[in-house]
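So you can see what is in the structure, the chains are spelled out below.
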Amino acid sequence: MRQRSEFSSAFHRGWLVTAFVLSMTGPVAADTHVSTLAPSDPDPEQQVIVKIRSRSFDPSTVTLRAGQKTKLVFQNHDAELHAFVPVGLFVGVNLNITGNGAPEFGAEGFKRVIIPSEGRTEIRFVPERPGVYPFSCDMPGHEMKATIVVQ
């Protein structure tokens, strides 16, 4: 009987905590827009491929549509490591990074991804803020710069 009352007490404590958390979050308005990267989301996804070759990004200007699911792909065709270092594009944005690159994160979120020779990195996200966002490769001696334009 002691086991049952301990379980019952723990169950009720858990239920009370759950009820408290639910009451703190409150209901979500029906018209609230929430970006999602779920694979079951039926909205079309724009895909942009940036090739890294001869220490340059191709294309050097990438145009994305604000509010649309995006897959930004970096393919490194050089025999050396390169990095994708964005400025401002991913601030406050949820993203998903796949491939064989090595992403780095800091206090503000995503900082950069290092892409190996013949490597590939895919970044899935929804660009929300229109603007011009520079990016570069910050590997020593690399003077690679390009731009992402969100319209």
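Refer to the structure above for everything that follows.
Figured I'd write up the structure that's included with this text. (Residues numbered from 1 in each chain as written. Predicted model: local features only at pLDDT ≥ 70, side-chain atom pairs only at ≥ 80, totals over all residues. Heavy atoms only, no water.)

On to the packing of aromatic side chains. Per the stated rule, a full pass over the model turns up ten aromatic pairs. When the centroid spacing of 4.8 Å and the interplanar angle of 70 degrees are considered together, the rings of F57 and F135 count as edge-to-face. With a gap of 78 residues between them, F57 in strand 2 (residues 57-58) and F135 in strand 10 (residues 131-136) connect regions that are remote in the sequence. Under the relative-accessibility criterion, F135 is labelled buried at 2%. (Phe/Tyr/Trp six-rings, centres within 6.5 Å; stacked < 30°, edge-to-face > 60°. Helix = DSSP H or I, 4+ residues; strand = E, 2+ residues; numbered from the N terminus. Buried < 20%, exposed > 50% of the residue type's maximum accessible area, 1.4 Å probe, protein only.)

All right, on to the sheet that holds strand 5 (residues 82-86) then. An order of 3-11-10-5-8-7 is seen for the six strands of this open sheet, with the pairing classed as mixed. The strands lining the two open edges of the sheet, one partner per strand, are strand 3 (61-64) and strand 7 (102-106). Strand-to-strand twist across the sheet, computed as the mean angle between neighbouring axes with direction ignored, equals 25 degrees. By the bridge criterion, six bridges tie strand 10 to strand 11 (residues 145-150) in an arrangement that is antiparallel. (Pairing = 2+ DSSP bridges. Axes fitted to C-alpha atoms, helices over the stretch in contact; angles between N-to-C directions.)

Here we come to the pairing of strand 11. Direction of pairing for strand 3 relative to strand 11: parallel, over a ladder of four bridges. What sits directly across from T61, in strand 11, is T147.

The subject of this paragraph is the environment of E122. By the element assignment, E122 lies in strand 9 (residues 120-125). Classification of E122 by relative accessible area gives buried; the value is 14%. Spatially, the C-alpha atoms of E122 and L72 are 5.7 Å apart, while their sequence positions differ by 50 residues. What E122 contacts, discounting residues up to four positions off in sequence, is K71, L72, V73, N96, I97 and T98. (Contact = heavy atoms within 4.5 Å.)

So, about the nonpolar core. Generally speaking, soluble globular proteins have nonpolar side chains that are buried together. Judged by nonpolar contacts, the single largest core of 28 residues is most densely connected at F57, L72, F74, F84, I123, F125 and I148. For this core, the leading source of residues is strand 8 (residues 109-115), giving four residues. Not counting residues within four places of it along the chain, the set of residues in contact with I148 comprises V62, L64, L72, F84, L89, G131, V132, Y133 and F135. (Core = buried A, V, L, I, M, F, W, Y, C linked by side-chain atoms within 4.5 Å.)

Further remarks concern the sheet that holds strand 6 (residues 95-99). Reading across the sheet, the five strands line up as 2-1-4-9-6 and stay open at both edges, with mixed pairing between neighbours. If you trace the sheet from one side to the other, it starts and ends with strand 2 and strand 6, each paired once. As paired strands, strand 6 and strand 9 are joined by five bridges and run antiparallel to one another. Bridge pairing links I97 to I123 in strand 9.

This paragraph deals with the pattern of salt bridges. Using the criterion set out here, one finds six salt bridges in the structure. For the salt bridge of E80 with R55, the shortest nitrogen-to-oxygen distance reads 2.9 Å. Placement of the pair is E80 in the loop between strand 4 (70-76) and strand 5 and R55 in the loop between strand 1 (46-52) and strand 2, with a sequence separation of 25 residues. Overall, E80 belongs to the partly exposed group, its relative accessible area being 28%. We note a salt bridge from R120 to E122, for which the minimum N-O separation is 3.0 Å. In the salt-bridge network here, residues are joined through shared partners; they are E45, R120, E122 and R124. (Salt bridge = Lys/Arg side-chain N within 4 Å of Asp/Glu carboxyl O.)

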